[in-house]
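This is what each chain is made of:
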Amino acid sequence: MKKVVKFGGSSLASAEQFKKVGEIIRAEDARRYVVPSAPGKRNDQDTKVTDMLYNCYQLAVEEKPFLDLLNKIHARYKEIINGLALELSLDDEFEIIRENFEKKAGVDYAASRGEYLNGIIISNYLGFPFIDASEVIRFDSQGGLDSEKTNTLLAARLEELEYAVIPGFYGSMEDGTIVTFSRGGSDITGSLVARAAKADLYENWTDVSGFLIADPRIIRNPKAIETITYRELRELSYMGATVLHEDAIFPVRKAGIPINIRNTNAPEDSGTLIVEGTCRKPKYTITGIAGTDGFAAITIEKAMMNSEIGFCRKVLEVFERNGISIEHMPSGIDTMTIFVHKNEFEEKEQQILAGIHKAVDPDHIELESDLALIAVVGRGMRSTRGTAGRIFSALAHAHINVKMIDQGSSELNIIVGVRHDDFKNAIKALYDIFVETQI
């Protein structure tokens, strides 16, 4: 068996955490390829190394003194090295970083050094060969990932090595310019390595024991999700569930490689298994509940709207011209409602309203803000009658008015819109009826 293991910043924040990681990797010979993040927070008052690097580079760009902060970053790594009793010095690496900061090598270069340096440490600690991600993760001239070129380069390098450490979060263009993924992008690197290595499993180690059915900031001690499909995960991630970078799904999904979300601090927990498909019957009707607020709704009314060819297209073009993406669009015979992100819409509110009047001459436009959307997701919903009825019943019992309901054609999810003030109570009511009581 062949596994790729990725460790998040909290898993590599200190020497003590490094030792836990070392024990996990050495516990199974199958854990061959390691993808580390930069050191995260050691405590709530601490600062992530990546944030320190961003701040340090900004000082360099502004031609302000930055060496004190760079030395503090260096000290963070020295603390880890000394705690692991390694005979390793990063003095030369930090001298190169200092020179490149002075030359203004780019913010992506600066941010990438956190993973790069942590990769050097963990390869030394484990005795695994080190592969600089800039040599095998390729971006095109527009800064987009070239997944096929990356797969070719990675596969060729990994074929030569039984074990290796490949830092996460960054790669390079053909000319050597460093490019980073968005924050959390080490998840993507791990996925790319798993695909190239033809791994049997991609283990993503973090500080939680997998995905939870609901947000623990709203539900106290929510149940864990044992198995979730890629499609279910996409739906939950879209609505704000953030344990794994959502773009990390695609490389392994293409190769049919499962992802296992595990907890570095509780390695005995089985975590959550993310798979393409499964015959396993879910424990509950739903797999998860996720939601996010900060939406606005624009309701357009016009008599005989349904008989006016191109009506919806004309309205949508107004939003397109103003660069506003549309989240949901429930409609009736003479009405259509468009849900958008409130902060985006407010900036161009009057231009959009004027554009709608000009495009379709509506009878009335009504605006409503401070709305939230909640997704109830689960493959078990397809074979269970009355799921929508239970949702409405739970919300009605909690005295919550539903502003919108939208069920996907796959019958995999139902999205409801509620007022911001009802957001948390709605999630509690849904969790109670589907998980706690299971009636």
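It should be noted that the structure appears before, not after, this text.
No experiment lies behind these values; they were computed from the predicted model shown.

Thresholds, definitions, all that
- Residues numbered from 1 in each chain as written.
- Predicted model: local features only at pLDDT ≥ 70, side-chain atom pairs only at ≥ 80, totals over all residues.
- Heavy atoms only, no water.
- Helix = DSSP H or I, 4+ residues; strand = E, 2+ residues; numbered from the N terminus.
- Expected span 1.5 Å × (residues − 1).
- Buried < 20%, exposed > 50% of the residue type's maximum accessible area, 1.4 Å probe, protein only.
- Arc of directions from axis to C-beta.
- Pairing = 2+ DSSP bridges.
- Axes fitted to C-alpha atoms, helices over the stretch in contact; angles between N-to-C directions.
- Contact = heavy atoms within 4.5 Å.
- Parallel < 35°, antiparallel > 145°, perpendicular 65-115°, else oblique.
- Left-handed = near helix turned anticlockwise from the far one by under 90°.
- Nonpolar A, V, L, I, M, F, W, Y, C, P; charged D, E, K, R; others polar.

A. Up close: helix H6 (residues 147-159). Between the first and last C-alpha of H6 there are 18 Å, a value that for 13 residues agrees with the 18 Å anticipated at 1.5 Å per step. Turning to H6, its buried residues number three or more, namely Thr150, Leu154 and Leu158. In an axial view of H6, the angular spread of the buried residues amounts to 50°, which keeps them on one side of the axis. Counted as exposed and oriented over 90 degrees from the buried face of H6: Thr152 and Glu159.

B. Broad picture of the sheet that holds strand E12 (residues 364-377). Reading across the sheet, the 5 strands line up as E11-E10-E12-E14-E13 and stay open at both edges, with antiparallel pairing between neighbours. Across the chains shown, the open sheet's two edge strands, defined by having one partner strand only, are strand E11 (335-341) and strand E13 (404-407). The mean inter-strand angle of the sheet, taken between neighbouring strand axes irrespective of direction, is 30°. Pairing geometry for E13 and strand E14 (residues 413-419), over 4 bridges, is antiparallel. Opposite Ile405, over in E14, you have Val416 as the bridge partner. Helix-sheet contacts for helix H13 (residues 387-397) involve E12, E13 and E14, and the interaxial angle to E14 is about 20°. Running over the sheet, helix H14 (residues 423-436) touches strand E10 (288-301), E12 and E14 and is turned about 35° from E12.

C. The arrangement of the environment of Gly114 in detail. With respect to the helices and strands, Gly114 occurs in helix H5 (residues 107-126). Gly114 sits in the buried class, given a relative accessible area of 0%. In this structure, the C-alpha to C-alpha distance between Gly114 and Lys48, residues 66 residues apart in sequence, is 9.3 Å. The contacts of Gly114, once residues within four sequence positions are left out, are Ala38, Pro39, Val49, Leu53 and Tyr77.

D. Layout of the packing of helix H1 (residues 15-26) against H5. Put simply, H1 and H5 touch, their axes get as near as 11 Å, and they point 55° apart. What the angle tells us is that H1 and H5 run oblique. Of the two possible hands of crossing, H1 and H5 adopt the one that is right-handed. Where H1 approaches H5, its residues Phe18, Lys19, Val21, Gly22, Ile25 and Arg26 are matched on the opposing element by Asn118, Ile121, Ile122, Tyr125 and Leu126. When the residues that make up the contact of H1 with H5 are grouped by side-chain class, the tally is 7 nonpolar, 2 polar and 2 charged.

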